[in-house]
Amino acid sequence: GRAGLCVLCGLPAAGKSTLARALRRRLPQGPGWACAVLSYDELLPPEAFGPSEPGPGPAPAPLLPRWKRSRRELLQCLERFLRALVTGEPLSAPPGAGPAGWERFLACCRQQGLLCPEGSHGGAGRNGTPAATAGPLYLLLDDNFYYQSMRYEVYQLARKYSLSFCQVFLECPLECCLQRNRLRSQPVPDQTICLMARKIEMPDLKKNAWERNSLILKSSDCTLEDEYQIISLLATALENPEKQNEENTEEKEADRAICAASTVHQADRLCRRIISQAMQDAKDKNVPPSEMKSLAEELNKLKAEFLEGLRRGNHFSPQICVQNQHSDPATSVTSSFQHEATNVVNKYILK
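Residues numbered from 1 in each chain as written. Predicted model: local features only at pLDDT ≥ 70, side-chain atom pairs only at ≥ 80, totals over all residues. Heavy atoms only, no water.

Chemist: I'd like a description of the confidence of the model for the protein, backed by residues and values.
Modeler: In this model, the protein carries an average pLDDT of 83, and 82% of its residues clear a pLDDT of 70 or more. Confidence, read as mean pLDDT per element, is least for helix α11 (residues 318-323) in the protein (39) and greatest for strand β3 (residues 137-142) (97). The low-confidence segment residues 55-62 (pLDDT under 50) makes 5 contacts with residues lying over four places distant or belonging to another chain. Here residues 315-326 scores under 50 on pLDDT; set against residues more than four positions off or in separate chains, the count is 7 contacts. (pLDDT = per-residue confidence, 0-100. Helix = DSSP H or I, 4+ residues; strand = E, 2+ residues; numbered from the N terminus. Contact = heavy atoms within 4.5 Å.)

Structure representation (structure tokens):
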């Protein structure tokens, strides 16, 4: 049967989980669609939001934060389920996901009747196979999805397996989210929600063709009219599944823009880390406080130039390119920046 992915996004305590539970009850009764909720709060482990642990060796490569790695693993688990759903093959654990994360994902699927019971026809193997549904199946992904790139990863899965894709963005006032959050048994820190509110990227239906099936609800509580609009959105998406090999220049441009933004963000983070270490080195070498401010300004100006060059796609020196020919652009930029930053610091140390 047909299947679709619906991304529920918005600030913490905006009402996403309440809406997800309501839709899970409503969709089987109304349109007659099977529905399951994948709640990231339940599927991502608490330790995912702790600090990253460096690997062995004197100079390990920069690690992704734990929460990013956990999200990536969850996306791999979801892809394994979708592949089994489309092909009818038994489920198998993705190589990149840890056993604990895979077990959490399977338990969530079993709890909502997405897998054939063990020992039943089609339930061979410990992981089982996706259970057949009488009608279309919608998977509701309940998370903040505050960056466009996070939602785009889900869209790519829908396109890869020719599934339906849509988004529901709950635009709840920040103060309302903060008040609701404080009443939770395990509230998110206020500063986290405020930071997310500054960074959140709403669906842009005019700019991004892949976000065409999106609905932005401005109410803080879902009404019957909102519910009608959501079901209409889900039905429209279901009738127009994403095409697997669709040639679309606009989508290709979106791919490149998102990739570039991610690369610049990664390079910016690494360059800031280099500047912090360079300032500490200068302090340890007794650079006078009167010159530390000038050093910081010079390093930050250098960083801005490097990041602007990365945004524009400028090439670096042949020596740097040869040294980093097997590296991604962010790594190449930061390697070059490290070299230049060291030269800047040495000017102050050797005065």
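Chemist: Hey, could you go over the packing of helix α1 (residues 16-29) against helix α8 (residues 224-239) for me, with residue numbers and the actual values?
Modeler: Between α1 and α8, the least distance of the axes is 12 Å, while the angle of their chain directions is 70°. By the angle class used here, α1 and α8 are roughly perpendicular. Crossing of α1 over α8 shows right-handed handedness. Together, L19, L23, R26 and L27 of α1 and E227, I230, I231 and L234 of α8 make up the contact between the two elements. For the contact of α1 with α8, the per-class residue count stands at 6 nonpolar, no polar and 2 charged. (Axes fitted to C-alpha atoms, helices over the stretch in contact; angles between N-to-C directions. Parallel < 35°, antiparallel > 145°, perpendicular 65-115°, else oblique. Left-handed = near helix turned anticlockwise from the far one by under 90°. Nonpolar A, V, L, I, M, F, W, Y, C, P; charged D, E, K, R; others polar.)

Chemist: Talk me through the packing of aromatic side chains; I want residue IDs and the actual numbers.
Modeler: Taken as a whole, this structure holds 10 aromatic pairs when the rule is applied. Ring centres of F81 and F105 lie 6.4 Å apart, and the angle between their planes is 70°; this geometry places the pair in the edge-to-face category. Taken together, the residues F81 in helix α3 (residues 66-87) and F105 in helix α4 (residues 99-111) connect sequence positions 24 residues apart. Note on F81: relative accessible area 1%, which makes it buried. Here Y155 and F165 contribute two aromatic rings whose centre-to-centre distance is 5.5 Å and whose plane-to-plane angle is 75°, an arrangement assigned as edge-to-face. Here Y155, found in helix α5 (residues 148-160), pairs with F165, found in strand β4 (residues 164-170); they are 10 residues apart in sequence, far enough to count as distant. (Phe/Tyr/Trp six-rings, centres within 6.5 Å; stacked < 30°, edge-to-face > 60°. Buried < 20%, exposed > 50% of the residue type's maximum accessible area, 1.4 Å probe, protein only.)

Chemist: Please give an account of the environment of R80 that cites residues and values.
Modeler: With respect to the helices and strands, R80 occurs in helix α3. Look at R80 and you get buried, because its relative accessible area is 19%. When the C-alpha positions of R80 and L91 are compared, they lie 6.7 Å apart, and in sequence the two are 11 residues distant. A distance of 2.7 Å separates the side chain of R80 from the side chain of S92, its partner in a polar contact. (Polar contact = N/O pair within 3.5 Å; in protein donor to acceptor, adjacent residues only side chain to side chain.)

Chemist: How would you explain the packing of helix α6 (residues 174-182) against helix α7 (residues 190-199) if you had to name every residue and give the values?
Modeler: Remark: α6 packs on α7, axes separated minimally by 10 Å, with the N-to-C direction vectors making an angle of 155°. Considering the angle they form, α6 stands roughly antiparallel to α7. As α6 runs across α7, the sense of the crossing is right-handed. Within the contact between the two elements, α6 uses L174, L178, N181 and R182 and α7 uses D190, I193, C194 and A197.

Chemist: Explain helix α10 (residues 289-312) to me, and be specific about the residues and the numbers.
Modeler: For an α-helix, 3.6 residues make a turn, and residues three or four places apart therefore share a direction. Along its 24 residues, α10 runs 35 Å from first to last C-alpha, staying within 8% of the 34 Å computed at 1.5 Å per residue. Among the residues of α10, those classed as buried are M292, L295, L299, L302, K303, F306, L307, G309 and L310. (Expected span 1.5 Å × (residues − 1).)

Chemist: Describe the sheet that holds strand β5 (residues 214-217), and please don't skip the residues or the numbers.
Modeler: In spatial order, the strands read β2-β3-β1-β4-β5; together these 5 strands make up an open sheet with parallel pairing. Strands with a single pairing partner mark the edges of an open sheet, and in this sheet they are β2 (34-39) and β5. With direction set aside, neighbouring strand axes in the sheet form an average angle of 20°. Bridge count between strand β1 (residues 3-10) and β4: 7 bridges; the pairing is parallel. Bridge pairing in β4 places G4 opposite S164. (Pairing = 2+ DSSP bridges.)

Chemist: Hey, could you go over the side chain of S164 for me, with residue numbers and the actual values?
Modeler: Mapping S164 onto the fold places it in strand β4. Side-chain polar atoms of S164 contact the backbone oxygen of A237, separated by 2.9 Å. When residues no more than four places from it in sequence are discounted, the contact partners of S164 are A3, G4, L5, Y138, A158, A237, L238 and P241.

Chemist: Give me the pattern of salt bridges: which residues, what numbers.
Modeler: Following the criterion strictly, the structure yields 12 salt bridges and no others. One salt bridge connects E79 with K160, and the closest N-O pair in it is separated by 2.4 Å. Taken together, the positions of E79 in helix α3 and K160 in helix α5 put the pair 81 residues apart, joining distant regions of the chain. Residue E79 is classed as partly exposed on the basis of its relative accessible area, which comes to 21%. The closest approach of N and O atoms between K347 and E298, which form a salt bridge, is 2.9 Å. Of the two residues, K347 is situated in helix α12 (residues 329-349) and E298 in helix α10; the sequence distance between them amounts to 49 residues. Taking relative accessible area as the criterion, K347 reaches 47% and is therefore assigned partly exposed. (Salt bridge = Lys/Arg side-chain N within 4 Å of Asp/Glu carboxyl O.)

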